[in-house]
Amino acid sequence: MSTFPLIVFVLALGAATVVAVMALTAIRGQQLGVVAVVDVAWGSGFVVVALVSAVVGQLLGPDGGDATFQRWFVLVLVALWGGRLAWHVRSRFNGEHAGEEDPRYAEMLGGSLAEVGLATAVKRVFVVQGTAMWVVSLPVMVGAVTDLAYWPVLVLGALVWAVGLAFETIGDRQLTAYKAEPKETRPTVMDRGLWGWTRHPNYFGDATVWWGLWLAAGLASGWAVGLATVVAPVAMTFFIRNVTGAKLLEKKMSQREGWDDYAARVPLFFPLPPGVKKSASRG
């Protein structure tokens, strides 16, 4: 199969995969009475799309050691990131606030799932999340069925991915340790470790991971593929910073005592070492 029809095929199959993942997640959300279960599917859904794309690439894509290594290496990167994220979110989902709706989604829905109904939840959450998943997966899908052009860019992408995963993993662990402390003695706002560099190290790490994957799967496959798929990391960064991530969470967090001082010292998104004065526009 020639390259363009193969790309169209893998994109269509990826879309079908995303629809299946979100449909199953919506059914599970209906059973549990919360749409926050979509956060568990967020990480694992990317892994499924990457796996499907790698199999298509192996069966129908270019032969050769470089292309084979790239598609399976990228799958491993996605699986490590998505598997860790799904496990972490699932642990949190089944933890202290098990069965409760995430305030972010309650705001997006305009009420609880029982109040607004599944159809509204599908339109406002599952379709939005599914569309974002497909767009963000573009370099993984296209890269799986094209040849590797630039080894150095693949290596650079893996390094950027590692930085993002470190921010996300360490930030999550630090926050978990903070929440385990007695409420009476811990600070009202978490500002230790990476949380003193950025108010959202996990979200920043998420975005950085996908810039790394764009480099490894998209730009490493050639300038044309890179330019055609750069919308993926741009969309991921915008989505988690401005839509369902940092900005939405801060509406709740900003009500805490000491938040204004914390926000004045620490950037919203892009990290700065503690003590470095942040500009008014930096976020």
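Keep in mind that what you see is a predicted model, and the values were worked out from it rather than measured. (Residues numbered from 1 in each chain as written. Predicted model: local features only at pLDDT ≥ 70, side-chain atom pairs only at ≥ 80, totals over all residues. Heavy atoms only, no water.)

Draft legend 1. Representation of the environment of Gly65 in the model. For Gly65, the position within the fold is in helix 3 (residues 65–93). Sequence spacing of Gly65 and Leu148 is 83 residues, and the spatial spacing of their C-alpha atoms is 9.4 Å. (Helix = DSSP H or I, 4+ residues; strand = E, 2+ residues; numbered from the N terminus.)

Draft legend 2. Highlighting the packing of aromatic side chains. Scanning the entire structure with this criterion turns up 14 aromatic pairs. A centroid spacing of 6.3 Å and a plane angle of 80 degrees characterise the contact between Phe204 and Phe270, whose relative ring orientation is edge-to-face. Residue Phe204 is found in helix 9 (residues 201–218), and its partner Phe270 is found in the segment after helix 13 (259–265); the two are separated by 66 residues along the sequence. Judged by relative accessible area, which is 37%, Phe270 ranks as partly exposed. Through pairs of rings, three or more aromatic residues link up here, namely Trp42, Phe46, Trp81, Trp210 and Phe239. (Phe/Tyr/Trp six-rings, centres within 6.5 Å; stacked < 30°, edge-to-face > 60°. Buried < 20%, exposed > 50% of the residue type's maximum accessible area, 1.4 Å probe, protein only.)

Draft legend 3. Here's a closer look at the nonpolar core. If you look at the biggest cluster of nonpolar residues, it comprises 70 residues, and the most contacted ones within it are Val35, Trp42, Phe46, Val78, Trp81, Trp210 and Leu213. Here this core takes 10 residues from helix 9, the largest share from any one element. Residues in contact with Trp81, not counting those within four places in the same chain, are Trp42, Gly43, Phe46, Trp161, Leu165, Glu168, Asp206, Val209 and Trp210. Core analysis: the next-biggest nonpolar cluster, separate from the first, contains 10 residues, Tyr178, Val189, Tyr262 and Ala263 among them. (Core = buried A, V, L, I, M, F, W, Y, C linked by side-chain atoms within 4.5 Å. Contact = heavy atoms within 4.5 Å.)

Draft legend 4. Here's a closer look at the environment of Gln30. By secondary structure assignment, the location of Gln30 is in helix 1 (residues 3–32). Distance in space between the C-alpha atoms of Gln30 and Arg71 is 35 Å, their sequence separation being 41 residues. Contact partners of Gln30, with chain neighbours within four places excluded, come to Leu113 and Leu118.

Draft legend 5. Expanded view of the packing of helix 3 against helix 8 (residues 151–180). Their axes nearest at 11 Å, the elements helix 3 and helix 8 cross at an angle of 10 degrees. Relative to helix 8, the element helix 3 is oriented roughly parallel. Along the contact surface, helix 3 presents Asp66, Phe69, Gln70, Phe73, Leu77, Leu80, Trp81, Arg84, Leu85 and His88, while helix 8 presents Trp151, Leu154, Ala158, Trp161, Leu165, Glu168, Thr169, Asp172 and Thr176. Tallied by class, residues from the contact of helix 3 with helix 8 come to 11 nonpolar, 4 polar and 4 charged. (Axes fitted to C-alpha atoms, helices over the stretch in contact; angles between N-to-C directions. Parallel < 35°, antiparallel > 145°, perpendicular 65-115°, else oblique. Nonpolar A, V, L, I, M, F, W, Y, C, P; charged D, E, K, R; others polar.)

Draft legend 6. Structural context of the side chain of Asp206. Mapped onto the fold, Asp206 is located in helix 9. Of the side chains bearing the opposite charge, Arg84 lies closest to the buried Asp206, which forms no salt bridge; the N-O distance is 6.5 Å. Those residues within four positions of Asp206 in sequence are excluded, and the remaining contacts are Trp42, Trp81, Leu85, Glu168, Met236 and Ile240. (Lys, Arg positive; Asp, Glu negative; His and termini not counted. Salt bridge = Lys/Arg side-chain N within 4 Å of Asp/Glu carboxyl O.)

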